[in-house]
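Fold and geometry: a report
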Amino acid sequence: MFDTVFSGGTVYDGSGQAPVVADLGVRDGRIAAIGDLSRAEAAERFDVPDLAVCPGFVDLHTHSDFTLVVNGRAESQVHQGVTTEVVGQCGHSCAPLRDRSQVPTMASSHADAVARDWTTFGQYLDALQGRPLGVNVAAMVGHGTVHEHVLGDALRAGEPDEIAEMTRLVARSLDEGAAGFSTGLEYWPGIMASTEHLVPMCAAAAHAGRLYATHVRNRDRYYDLGFGEAIAAARVSGARLQISHIQTKFGAPDYAMEHTLEMIDAARRHGVDVAFDVIPHDWNNTGVISILPRWAREGGTRATLDRLKDPAVRERVKANPAPMLLIVAARQWDNIVLLNARANKDLVGASFADIGRMRGIDPYDALMDMLIEEGDAAPRLMWATRSFRDGDVEMMMRESDCAVISDTAALAPYGVLKDDLFSLSGYGWAARFLQVYVRDRGVLSLAEGIRRITSLPAARVGIKARGLLRPGFWADVTVFDPLAIASRATVERPREYASGIVHVMVNGRLAMRDGERTDKDAGQVLREFH
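Description of the structure in this document. What you see is a predicted model; the values in this text were computed from it and never measured.

This part covers the sheet that holds strand E15 (residues 336–340). Pairing within the open sheet is antiparallel, and its three strands lie in the order E14-E16-E15. Looking at strand neighbours, the two that pair on one side only are strand E14 (284–287) and E15, the edges of this open sheet. Here the strands of the sheet are splayed against their neighbours by 30° on average, with no regard to which way each runs. The pairing of E15 with strand E16 (residues 382–385) spans four bridges and is classified as antiparallel. Within E16, the position partnered with Val-337 by the bridge is Ala-384.

Under the counting rule described, the total for this entry stands at 43 salt bridges. Notably, a salt bridge pairs Glu-315 with Lys-318, separated by 3.4 Å at the nearest N-O pair. Within this pair, Glu-315 and its partner Lys-318 are both found in helix H11 (residues 311–318), separated by three residues, close to a single helical turn. Judged by its relative accessible area of 47%, Glu-315 falls in the partly exposed class. Since its relative accessible area comes to 17%, Lys-318 is described here as buried. It is possible to trace a salt-bridge network through shared partners that takes in Arg-314, Glu-315, Lys-318, Arg-331, Asp-362, Asp-365 and Asp-369.

A few words on the sheet that holds strand E6 (residues 57–59). One open sheet accounts for three strands, arranged E6-E7-E8; its pairing is parallel. Both outer strands of the open sheet, E6 and strand E8 (136–139), are each paired with one neighbouring strand and no more. Ignoring which end each strand starts from, the neighbouring axes of this sheet average 15° apart.

This brings us to the packing of H11 against helix H14 (residues 363–374). Relative orientation and spacing of two packed helices are given, respectively, by the angle between their axes and the distance between those axes. Between H11 and H14, the shortest axis-to-axis distance is 11 Å and the interhelical angle comes to 120°. Taken as axis vectors, H11 and H14 run oblique relative to one another. Crossing geometry of H11 relative to H14 is assigned as right-handed. Together, Arg-314, Val-317 and Lys-318 of H11 and Tyr-364, Asp-365, Met-368, Asp-369 and Ile-372 of H14 make up the contact between the two elements.

Basis of the calculations
- Residues numbered from 1 in each chain as written.
- Predicted model: local features only at pLDDT ≥ 70, side-chain atom pairs only at ≥ 80, totals over all residues.
- Heavy atoms only, no water.
- Pairing = 2+ DSSP bridges.
- Helix = DSSP H or I, 4+ residues; strand = E, 2+ residues; numbered from the N terminus.
- Axes fitted to C-alpha atoms, helices over the stretch in contact; angles between N-to-C directions.
- Salt bridge = Lys/Arg side-chain N within 4 Å of Asp/Glu carboxyl O.
- Buried < 20%, exposed > 50% of the residue type's maximum accessible area, 1.4 Å probe, protein only.
- Parallel < 35°, antiparallel > 145°, perpendicular 65-115°, else oblique.
- Left-handed = near helix turned anticlockwise from the far one by under 90°.
- Contact = heavy atoms within 4.5 Å.

Below, the structure is given as structure tokens:
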């Protein structure tokens, strides 16, 4: 007797092998059988001819750390077939904290919706597990968070004893269930750390058999220094390296991606374990505040905003010769769009060229005014820039070890999160990948495309018994129409759910049924990895 049977679907097992037409039976939260189950008894049976039946999608790189605490239903993800997320990326994680008073500060505009019930990494995972979750969650521990734990907002990377304390915090977090260690070297405070500061923490990840994921320092003019630093840290520490959203940005030479692949191939020949991932889009999203030079960030958000009121400081910011985004230095304001704001919700979706014209000021001054207007929520003011080359995205996708990620956050178009956006593809990244790069352009076969968002990321993190359709594995299952799956999100309407998703099962319970979200939230916090 099965709890659920999906009958007559085209089963893609997640391995990249050719699909088979078969039935899939689920019992007690796990896949029980794949084959001819036409005579088997089942509490529920779904006839799914002409539909793809595959593992639930695994999003290897998200920033849902706080949004899942606020609303764990992960609507934007479940509606496009995602059943597992890996949070804590780019050096930003929810723990470990010095004390619980940091929780509302880190939660920013969601402070009222977040209980102050953790300081350690294990306590954060407990707090997450105590909430209904629409997806399974694995969490990385971030360098930026452990840096703040030890040094606060100090404008320095840390002395040897302080680096040793950070390393102990990373090791303890890994013991408590962190899936790996992450850095964000273009962001505060990662921007201050050098390789020798990071290697001990990477070594802690290596010792625990966990992944090191990095948002590298440069992906534009000095892309080879940024990627070289990441490879060097992995080589010296022995860590398995995941280069996050590897596509180079505006300002990189045309050959940058090809050269980067040559660097990775050379490292692999000498025993360094390197893999990478891409965002299936030519838009890059990040916090507006990250455009500020490091000296402007000392002392925390309020001190930063006070500085920006000084016209002389503004001129220094504008004259910064090496901002995080060279597209800003080039003043290509038409290709820079406001993505997320609290004080200026009516401007979301507008370009900064238009915002500057509306306000009658330089768009650079407009962005600094808007940071001030956001107040304590300034770190959540976000923009999207057309910084990626679509050809680079396709080039990397053709590499067999390239996973596909969202670089977004799990959101919902209602409640506390209704005004939030983290990327232009947040409601449709997986659907867009399968629609544009797989079905429309044929960059990958459907079987291989599914592997890139199921078994490949699951194996990279070391997630047990997920990412493949195998008897005994957890029943995380996505059923979709390959001809209808599509992202419906646009710059003008970014909160539209994807189309083509029919059923989504998480740990054997239906989160989506016949294209509609159910009330079931069966996600689990994942703490053990192999």
